[in-house]
Amino acid sequence: MAPQIKYTKLFIDNEWVDAKSGKTFDTYYPHDGSIIAKVAEGDKADIDLAVAAAKRAFHRNSEWRLYDASKRREILTKFADLVARDASYLAELESYNNGMLLTMANYIVNMSVGAGQYLASLADKYHGDTIPLDGEAFSYTLKQPVGVCGLILPWNGPIPIFINKVVTALAAGCTVVVKPAEQTPLTALYLASLLKEAGIPAGVVNVVPGFGPGAGSSLTHHSDVAKISFTGSREVGMLIQQAAGVNNLKRVTLELGGKSPLVIMNDADLDIAVPTAAAAIFNLSGQVCVAASRLYVQADIYDEFVKRAVEHAKKINVGDPTKSDTTQGPQTDEATLNKILEYIALGKKEGAKLMTGGNRIGKTGYYVEPTVFADVKDDMTIAREEIFGPVQSILKFNTLEEVIDRANNTNYGLAAGIFTKNVNNALQYAKHVEAGNVWINGYLIIGPQAPFGGFKDSGLGRENGKDCIEEYLEVKTVSIALPKKF
Ligand code: ADP
């Protein structure tokens, strides 16, 4: 049975309100393309109200600013506990609006509870230094929240990314305006209700669903917004960095796309490497920023690997995301589906060998067959651009030196992986590959304790890890004249 939809309005100043324009937009169930609900469509006027509320909540005498850091930790920990309380409902809602497998949504929501608790725990662990300046002076530093933050979310991980960005910003003492992706606004609104229940004062968190060029762009251009944290495509990330410098100088954290290389050496354990490489591209229907979308396999094992990869892909059970035996659900929206089909057509046209898949499944819902291309060459479009779908591209290489240069021959630099039993090869690869995350004999090994982000066009700044709160803090140096003789 479909989960009940409890919130569809904008959340501003702890109240549920209609958009000023009165407009709404439809949000869909990717399994069959049906409309789930009409959601209030925020635009510039609503962003202005939300930013004004966040600015009031950031005033030096506001309830929020007068809380000490331990109180912030307490409230945020309570929020994480409420997410745990409602985990089953949240997972159902996430699966319904995004199309991800319900089993995966349950796993992700539970993981997000842990992440929320970890990030909340950082709230009162930040403090400045005392500095013995040369001469007759003494200095200390204060770490203070940057101000109102705009948090712009993607549709592929609505719950974990909401929790990650909001809890980090709030742990630092900031106030926020969240703009969820237009494809998946529902879980963000429910999470806002849990923040209110946890005791967040009015205006500290505001959630304004809407579209990128409307609500999103208004937020990135707003002169009262001190920082933007964005997760999404490289193209929009570039627009955001430009917008951040138009009316004021916003701090920017960007977590963007990738074209991540996974290298399989001749000595790899194929019983582990084949299913791991498959999960690294087919999980979440390939809609993962770190997806291993360039799979480099060494020459001696190439044919055997391709054979096994194809057998593996053929066993994937595509269908209804709520069924427990389904292993691949639909793409999240129609535009993504069509883009993936275009990339598959380009792969065939440019000479890659289609080994399995390649078609849309059915006419309702946004399903694509798990697809494997062999004999992919570095200059083909499918080896250069982010497809964001269940398309495994397998390339052949001879030496480690060669594959490192080929792996780095891209503007992306989010993640990389290698399978080998040779420690020297693994560590040389880890040292030289240009990526923010490197996984050895595994893939997508992540957690809130470890910094996450990209090299080159894959991002700016880091999320997670014990220092992530620094991204939301300013350092203030206070110096006191201190004569040596008194
Ligand atoms: P994807 O390509 O994965 O759909 P996008 O990068 O287009 O992701 O979108 C991610 C988020 O950025 C969404 O919330 C979207 O509404 C928002 N967005 C899109 N365009 C802009 C823009 N010009 N300014 C600000 N936000 C935008």
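Look up: the structure comes first, before these words.
Read on for an overview of the structure. (Residues numbered from 1 in each chain as written. Predicted model: local features only at pLDDT ≥ 70, side-chain atom pairs only at ≥ 80, totals over all residues. Heavy atoms only, no water.)

### Quick look at the packing of helix α3 (residues 69-85) against helix α5 (residues 102-121)
Put simply, the test is: Whenever a helix is involved, its axis is fitted only over the stretch in contact; in every case the axis is a line through C-alpha atoms, and angles between N-to-C directions fall within 0 to 180 degrees. To qualify as a helix, a DSSP run of H or I must reach at least 4 residues; to qualify as a strand, a run of E must reach at least 2; elements of each kind are numbered from the N terminus. Here roughly perpendicular refers to angles of 65 to 115 degrees, roughly parallel to angles under 35, roughly antiparallel to angles over 145, and oblique to all remaining angles. Residues are treated as being in contact if the distance between any of their heavy atoms lies within 4.5 Å. Amino acid classes used here: Ala, Val, Leu, Ile, Met, Phe, Trp, Tyr, Cys and Pro are nonpolar; Asp, Glu, Lys and Arg are charged; the rest, including Gly, are polar.
Running from N to C, α3 and α5 point in directions that differ by 175 degrees, and their axes come no closer than 8 Å. Relative to α5, the element α3 is oriented roughly antiparallel. Where α3 abuts α5, its residues Arg73, Leu76, Thr77, Ala80, Asp81, Val83 and Ala84 lie against Val109, Val113, Gly116, Gln117, Ala120 and Ser121. For the contact of α3 with α5, a count of residues per class yields 7 nonpolar, 4 polar and 2 charged.

### Focus: the pattern of salt bridges
Heads up, the condition is: Within this document, salt bridges are pairs made up of a side-chain nitrogen of Lys or Arg and a carboxyl oxygen of Asp or Glu, the two lying within 4 Å of each other. Three labels apply to residues, based on accessible area from a 1.4 Å probe with only protein chains included: buried if under 20% of the type maximum, exposed if over 50%, partly exposed otherwise in between.
What the rule picks out here adds up to 22 salt bridges. Two residues, Asp26 and Lys38, come together in a salt bridge whose shortest N-O distance is 2.8 Å. With Asp26 in strand β3 (residues 24-29) and Lys38 in strand β4 (residues 34-40), this pair connects stretches of sequence that are 12 residues apart. Judged by its relative accessible area of 23%, Asp26 falls in the partly exposed class. Close ionic contact of Lys44 with Asp48 constitutes a salt bridge, the shortest N to O distance being 3.0 Å.

### Overview of the site of the ligand
Note the threshold: One heavy atom within 4 Å of a molecule or strand makes the whole residue count as near it. Polar contacts, as used here, are pairs of N or O atoms within 3.5 Å; protein pairs need one atom able to donate a hydrogen and one able to accept it. Residues neighboring in sequence count only if both atoms are side-chain atoms. Here, Shrake-Rupley sampling with a 1.4 Å probe gives the accessible areas, and only protein chains in the shown set may cover a residue.
In the region of the ligand, 16 residues are neighbours, and Leu153, Trp155, Lys179, Glu182 and Ser233 sit closest. Within the contact set of the ligand, an oxygen atom lies 2.7 Å away from a backbone nitrogen or oxygen of Leu153. At 2.6 Å from an oxygen atom of the ligand is found a side-chain nitrogen or oxygen belonging to Lys179. For the ligand, the accessible surface in isolation is 550 Å², of which the surrounding protein chains cover 81%. Among the elements that take part in the shell around the ligand, helix α8 (residues 212-221) stands out by supplying 3 residues, more than any other. Within the shell around the ligand, the residues separate by chemical class into 9 nonpolar, 5 polar and 2 charged.

### Thoughts on the nonpolar core
Applied cut-off: Residues belong to a common nonpolar core when they are buried Ala, Val, Leu, Ile, Met, Phe, Trp, Tyr or Cys residues joined through side-chain atoms within 4.5 Å.
Counting 69 residues, the largest nonpolar core has Phe79, Val83, Phe162, Leu170, Leu191, Val205 and Val207 as the members making the most contacts within it. Ignoring sequence-local partners within four residues, the contact set of Leu191 consists of Phe79, Val83, Leu90, Ile159, Phe162 and Ile163. In terms of nonpolar packing, the next biggest core, distinct from the first, is built from 35 residues, Ala280, Val288, Leu295 and Ile301 among them.

### Some points on the pairing of β3
For clarity, the threshold we go by: A pair of strands is considered paired only if DSSP assigns at least 2 bridges between the two.
Pairing of β3 with β4, which is carried by 6 bridges, proceeds in the antiparallel orientation. Looking across to β4, one finds that Asp26 is bridged to Lys38. Hairpin geometry of β3 and β4 is characterised by an intervening segment of 4 residues between the two adjacent antiparallel strands and by a positive phi of about 75 degrees at Gly33.

### Description of helix α1 (residues 44-57)
Think of an α-helix as turning once every 3.6 residues; residues three or four places apart then point the same way. Let me state the cut-off plainly: Expected helix span is computed as 1.5 Å times (number of residues minus one). Each C-beta atom gives one direction from the helix axis, and the arc is the one those directions make.
Taking 1.5 Å per residue, 14 residues should reach 20 Å; α1 reaches 20 Å between its end C-alpha atoms and fits that length. Residues of α1 that are buried include every one of Asp46, Ile47, Ala50, Val51, Ala53, Ala54 and Ala57, and no others. Down the axis of α1, the buried set is contained in an arc of 160 degrees. They therefore lie on one face. Against the buried residues of α1 lie β1 (10-12), α2 (63-66), β7 (148-152), β8 (175-179), β9 (205-207) and α8.

### Looking at the sheet that holds strand β14 (residues 353-356)
The 7 strands lie next to each other as β14-β17-β18-β13-β12-β19-β20, forming an open sheet whose pairing is mixed. Whereas interior strands pair on both sides, the edge strands pair on one side only; in this sheet they are β14 and β20 (437-440). Pairs of neighbouring strands in the sheet enclose a mean axial angle of 20 degrees, with direction left out of account. Where strand β13 (residues 294-298) and strand β18 (residues 391-397) come together, 4 bridges link them in parallel fashion. From the neighbouring strand, Val297 faces β18, where its bridge partner is Lys396.

### Thoughts on the pairing of strand β19 (residues 415-419)
This is how it is decided: By convention, a crossover is right-handed whenever its connection, traced from the first strand over the helix to the second and viewed with the strands pointing away, goes clockwise.
Counting buried positions along β19 yields 5 of 5 residues, so the element is predominantly enclosed. Here β19 shows no split at all, with Ala415, Gly417 and Phe419 on one side and Ala416 and Ile418 on the other all buried. Looking at chain direction, strand β12 (residues 261-264) and β19 are connected through 3 bridges and run parallel. Directly across from Leu262, in β19, lies its bridge partner Gly417. As paired strands, β19 and β20 are joined by 4 bridges and run parallel to one another. Bridging across to β20, Ala416 finds its partner in Val438. Remark: the β19/helix α15 (residues 423-432)/β20 crossover connection has right-handed handedness.

Everything listed here is a matter of geometry and, on its own, says nothing about what the molecule does.
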